[in-house]
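Chains, contacts and geometry: an overview
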Amino acid sequence: MNWKHLKQSLNKNRLFFKILLYFISLLIPIVIIGIISYFNADHLIKKDASEKLTDNLISSSKTIDIYLSMAQATNNSLLLSETIQQYLRPDSLLTDDEKIKMPSIVRSIAGNRNPISHFVDNIFIFVDDKRVYLSDGIVNFDIFFDKFYKFDEYNKDFWRQRLHQSSLFELLKPTKVVNADMNSYREVIPSITTQYLNGHLATMVTTISIPTIVVTLQNNSIFSTTQYLVLDKNNQIILQSSELDQKAKEEIIAGASSEERSNGAIRIGQEQNWLAQTTSDFGWKYFSITPVNSFNQESASIFSLIIWICISLLIIGVAFSFIFSVRLYNPIKNIRDILQKTEKADEWNNDTHHSSELQRIGNSVNQLIQQHRDDNIKINTFSDEILEQFFTNLIKGYRGAQPYSVNQILNEIDFHTGSYLCCCFMIHFRDRFYHEIVEADRLLILEKMKNVLWGIMKKYVNCYLTEYEPYLYVCMVNLKSEEDRGQLDQALEMIKLTFAYDMIYCELIIGLGKKYDKIDDYSKSYSDAITAIDKRTDSSKMVILDATHFVIDQNYYYSFLDENKIVNGLKSGDMGGLKVELEGIIGLNKARGVSYHYLGALLVEFYNTGNRYITEKRLSVYDFLDTNEHAFLSQKELLPSEFDGRLKNIFEFYDKIITRTLYKPESKSGAVVSLITDYIEKHYEKDLYLEVIANEIGLSAKYVSRMFKESTGTNISDYISLIRIAKARELLAHTDLKISEIADQIGIFSRTTFLRLFKKYEGISPNEYRSSHGVKQK
């Protein structure tokens, strides 16, 4: 009995189960997308990790090359120095006066060692087998090589032999250096330069610290499990990680010898590793070996995240499927029950066997719709509120949701052909209007003003007029022919005659926007009209300003450099400088003919700059402004009468930021940073780097770098790059110069370097940036 009841229930509600299955079937793409997302993420993670490993290894090798180049330069510069050239001679040839000068050689060596002391273990020079000159003093040749600085691989006879062969710059195999007195040793790489001085060969030795090279490699590593192997140009091991087994080293060295080894996977024992390699300018070969498991952990976390997301979505999807099925089926069930009451049950049941339940309901509903169709048809019923909202949305630049189709509205008001233009009427009432006219009459005048203006305009052109703002009336005109433009001029002259006798009480300014072919461009024409009003120079009480007589730019100019100056002003607390800077930017935009709509957008950008600044300080904008002030400053819509007030509010906002966040550095630091930024902004197009700037302001490079970093939180090199990329954006957006020409103009003389830096800071290539701004690529 229960089974029969269940079967009847299933048959009766089978439409519900069909609907439920349809909804559940929509969840299948979630599983497919999850699988695809995982494999894609896994591929990208491994690809990114391998690229980073290679890039980091290349970066480390270049840093080490710099160390070696500096050692070579130190050897050459020291041997060629005036002190060495003048006083370094064999001990047997030295006079008593010259022996007194020997300490100057020591000082010269010490002076050349200081700039490179962090990667050089020792610097010494000898011209015979009697004395060795160090940065710490002069030591006997035998004592030095037997006691103070004994090389495991090279005895003192080796060094005597070096006095008989000339070499420009030679790197020896790594060795240990032992100090017998201190019972300690260090691993170094000796570099030797032997040249003739005063007719005698002199040997200059700089020992490079191997631990410094190891630290350089490890500091650039993204995985702590990465191991390193460095070979010289003869495939001899220079340094190696202690965890690297002998078999792995032999395999890597064999591949390096045959030059068949490339970046890729390598199996060491039972573990899969990723091998990255590069060769330096000095012929050294660098290898990094990273277990694949190191970056597989990221893939595992992504897989776990995707699994939980998919499970959550499936659970939510099943729950919502059931809820939607019930809600969708209940109305159908109610309709079915109602229709069943109007027909015989047997007739309904017989009909459902030949057609689906939904089809049977549909047929019955269609019959009901057909019976009442005439009562439900409503055509061309447009209220004033709908039209008002429609045209207000067009002025603001969007159509918004309409209860009727746009074509229906345009056909009803006959706005579907021709061109479109905005005409703005701005009225300024004088004081006598409020003193000499009673309140009742004033209210009547204000109430009838729209009807008066619209009544005159409708006699001449097809138009719609709305009171967009208090005392600002916007008339949207539809010009169907060239003759209509003359009719519009007649309408404006009639308005001037109508208000001629009222000019003692008010001032009427008429702004005429440019003509556009699309109705969606009413917002541009409105912006043109408002901008033309702002450019008024005639002091007449009634004036017509046509936007076609002015250069109007539908964009604003606010570069990264401008924003950076404002941020620097906020940091330094220079409110006077901020005002001058903002007024300068506004003056530049007005001089370029930027429309009032985009001037409003520019003020919003000023506000957003301050907002981003306090966000970086981990503060909320509502700590400085209330909700109404925030909404007012975030609004791009702007009337000429509101501009000064909006700008004043932004100044007050900046003043609050400075009061709350100002950090007062020492006067000397602020002055130095100001000198640095000014010099960079004026000379960014030159070959600019830290030492040049330090020389210009008369301070050491190390001090300048530290002070700039502490004061701004940015390295000088990064700041130079930011200034150059900001200038490049302007040239890309507003000129058709070639990419190489732009790179030269901003001081980046390598096209490849420019492309890399631009992609780093902007996320896209220069050509993509230029295309996004509508400039033809060249």
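**Observations concerning the sheet that holds strand 13 (residues 285–291)**
Strand order across the open sheet formed by five strands is 10-9-13-12-11, with antiparallel pairing between neighbours. Each edge of the open sheet is held by one strand with a lone partner, namely strand 10 (237–240) and strand 11 (264–268). Here the strands of the sheet are splayed against their neighbours by 25 degrees on average, with no regard to which way each runs. Of the pairings in the sheet, the one linking strand 9 (residues 227–231) to strand 13 comprises five bridges and is antiparallel in character. Across the sheet, the residue bridging to glutamine 227 is isoleucine 289, located in strand 13.

**Overview of the confidence of the model for the chain**
Overall, the predicted model of the chain reaches an average pLDDT of 78, with 83% of residues at or above 70. Put simply, helix 14 (residues 373–376) is where the chain has its lowest mean pLDDT, 48, and strand 16 (residues 472–479) is where it has its highest, 90. Note that pLDDT drops below 50 for residues 374–382; the model gives that stretch six contacts with residues more than four away or on any other chain.

**Brief notes about the packing of aromatic side chains**
Evaluation of the coordinates by the stated rule reveals 35 aromatic pairs. Here the aromatic rings of phenylalanine 144 and tyrosine 149 are separated by 5.6 Å at their centres, their planes lie at 15 degrees, and the arrangement is stacked. Residue phenylalanine 144 is classed as buried on the basis of its relative accessible area, which comes to 1%. According to the relative accessible area criterion, tyrosine 149 is buried, its value standing at 3%. Considering the side-chain rings of tyrosine 558 and phenylalanine 606, the 5.4 Å spacing of their centres and the 75 degrees angle between planes classify their relative orientation as edge-to-face. A residue pair is termed long-range when its members are at least 10 positions apart, and tyrosine 558 in the loop between strand 18 (542–546) and helix 21 (560–572) and phenylalanine 606 in helix 23 (residues 596–616) qualify at 48 residues.

**A word on the sheet that holds strand 16**
Pairing within the open sheet is mixed, and its five strands lie in the order 15-16-14-17-18. Whereas interior strands pair on both sides, the edge strands pair on one side only; in this sheet they are strand 15 (462–469) and strand 18. On average, each strand axis in the sheet is inclined to that of its neighbour by 20 degrees, with strand direction left out of account. Note that strand 14 (residues 419–429) and strand 16 share eight bridges and pair antiparallel. Residue pairing in the sheet places serine 419 in a bridge with leucine 479 of strand 16. Packing against the sheet, helix 18 (residues 439–460) makes contact with strand 14, strand 15 and strand 16, and its axis sits at approximately 155 degrees to strand 15. Sheet strands touched by helix 20 (residues 522–534): strand 14, strand 15, strand 16, strand 17 (506–512) and strand 18. Its angle to strand 14, the strand with the most contacts, is close to 40 degrees.

**Quick notes on the packing of helix 21 against helix 29 (residues 716–734)**
For the pair helix 21 and helix 29, interaxial distance at closest approach is 8 Å and the crossing angle is 135 degrees. Relative to helix 29, the element helix 21 is oriented oblique. Contacts between helix 21 and helix 29 pair Phe560, Leu561, Asn564 and Asn568 from the former with Tyr719, Leu722, Ile723, Ala726 and Arg729 from the latter. Taken together, the residues of the contact of helix 21 with helix 29 sort by class into six nonpolar, two polar and one charged.

**Some points on a negative patch on the surface**
On the surface, a cluster of negative charge is made up of Asp626, Glu629, Glu652 and Asp655. For aspartate 655, the location among the structural elements is in helix 25 (residues 640–661).

**A look at the nonpolar core**
Formed by 92 residues in total, the largest nonpolar core has its most connected members in Phe425, Met457, Phe606 and Tyr654. Sort the elements by how many residues they give to this core and strand 14 lands first, with nine residues. In this structure, phenylalanine 606 is in contact with Tyr558, Ile566, Leu582, Ile585, Ile586, Ile650 and Tyr654, ignoring residues within four places of it in sequence.

**Observations regarding the pattern of salt bridges**
Inspection of every chain in the model, using the stated rule, returns 19 salt bridges. Between glutamate 388 and lysine 450 there is a salt bridge, with its nearest N and O atoms 3.5 Å apart. Remark: lysine 450 occurs in helix 18 and glutamate 388 occurs in helix 15 (residues 384–396); sequence separation between them is 62 residues. Assessed through its relative accessible area of 23%, glutamate 388 is described here as partly exposed. The exposure class of lysine 450 is buried, given its relative accessible area of 19%. Note that glutamate 710 and arginine 706 form a salt bridge whose closest N and O atoms lie 3.6 Å from each other. On the criterion of helical spacing, the pair formed by glutamate 710 and arginine 706 is a turn pair, its members being four residues apart in helix 28 (residues 701–712). What makes glutamate 710 exposed here is its relative accessible area of 57%.

**What to know about the pairing of strand 15**
Two elements, strand 15 and strand 16, share seven bridges in a ladder whose sense is antiparallel. Residue pairing for strand 16: glutamate 467 is matched across the bridge by tyrosine 473. What sits between strand 15 and strand 16 in their antiparallel hairpin is a turn of two residues, with tyrosine 471 showing a positive phi close to 70 degrees.

**Considering a nonpolar patch on the surface**
Side chains of Phe303, Ile307, Trp308, Ile311 and Ile315 sit close together on the surface and give an oily, nonpolar patch of about 500 Å² of accessible area. Position of phenylalanine 303 among the secondary structure elements: in helix 11 (residues 292–342). For phenylalanine 303, a relative accessible area of 39% puts it in the partly exposed group.

**Considering helix 28**
An ideal rise of 1.5 Å per residue puts 16 Å on twelve residues; helix 28 measures up with 16 Å between its terminal C-alpha atoms. The complete set of buried residues in helix 28 reads Val704, Met707 and Phe708. Around the axis of helix 28, the buried residues are gathered within 100 degrees of arc, so they sit on the same side. Exposed and facing more than 90 degrees away from the buried side of helix 28 are Lys702 and Glu710. Two residues or fewer after helix 28 comes glycine 713, characterised by a positive phi angle close to 75 degrees.

**Re the pairing of strand 8 (residues 200–209)**
Moving residue by residue along a regular strand, the side chains alternate between the two faces of the sheet. Along strand 8, nine of the ten residues are buried, which leaves the element largely enclosed by surrounding structure. Judged from the six bridges that link them, strand 1 (residues 120–126) and strand 8 form a sheet pairing that is antiparallel. Considered in strand 8, the bridge of phenylalanine 126 is made with threonine 203. Bridge analysis of strand 7 (residues 184–197) against strand 8 gives ten bridges, and the strand direction is antiparallel. In the strand pairing of strand 8, leucine 197 is matched with histidine 200.

Rules and cut-offs
Residues numbered from 1 in each chain as written. Predicted model: local features only at pLDDT ≥ 70, side-chain atom pairs only at ≥ 80, totals over all residues. Heavy atoms only, no water. Pairing = 2+ DSSP bridges. Helix = DSSP H or I, 4+ residues; strand = E, 2+ residues; numbered from the N terminus. Axes fitted to C-alpha atoms, helices over the stretch in contact; angles between N-to-C directions. pLDDT = per-residue confidence, 0-100. Contact = heavy atoms within 4.5 Å. Phe/Tyr/Trp six-rings, centres within 6.5 Å; stacked < 30°, edge-to-face > 60°. Buried < 20%, exposed > 50% of the residue type's maximum accessible area, 1.4 Å probe, protein only. Parallel < 35°, antiparallel > 145°, perpendicular 65-115°, else oblique. Nonpolar A, V, L, I, M, F, W, Y, C, P; charged D, E, K, R; others polar. Patch = residues over 30% accessible without salt bridge, like charges linked within 9 Å, V, L, I, M, F, W, Y side chains within 5 Å. Areas by Shrake-Rupley, 256 points an atom, 1.4 Å probe, with all protein chains shown as cover. Salt bridge = Lys/Arg side-chain N within 4 Å of Asp/Glu carboxyl O. Lys, Arg positive; Asp, Glu negative; His and termini not counted. Charge placed at Lys NZ, Arg CZ, Asp CG, Glu CD. Core = buried A, V, L, I, M, F, W, Y, C linked by side-chain atoms within 4.5 Å. Expected span 1.5 Å × (residues − 1). Arc of directions from axis to C-beta.

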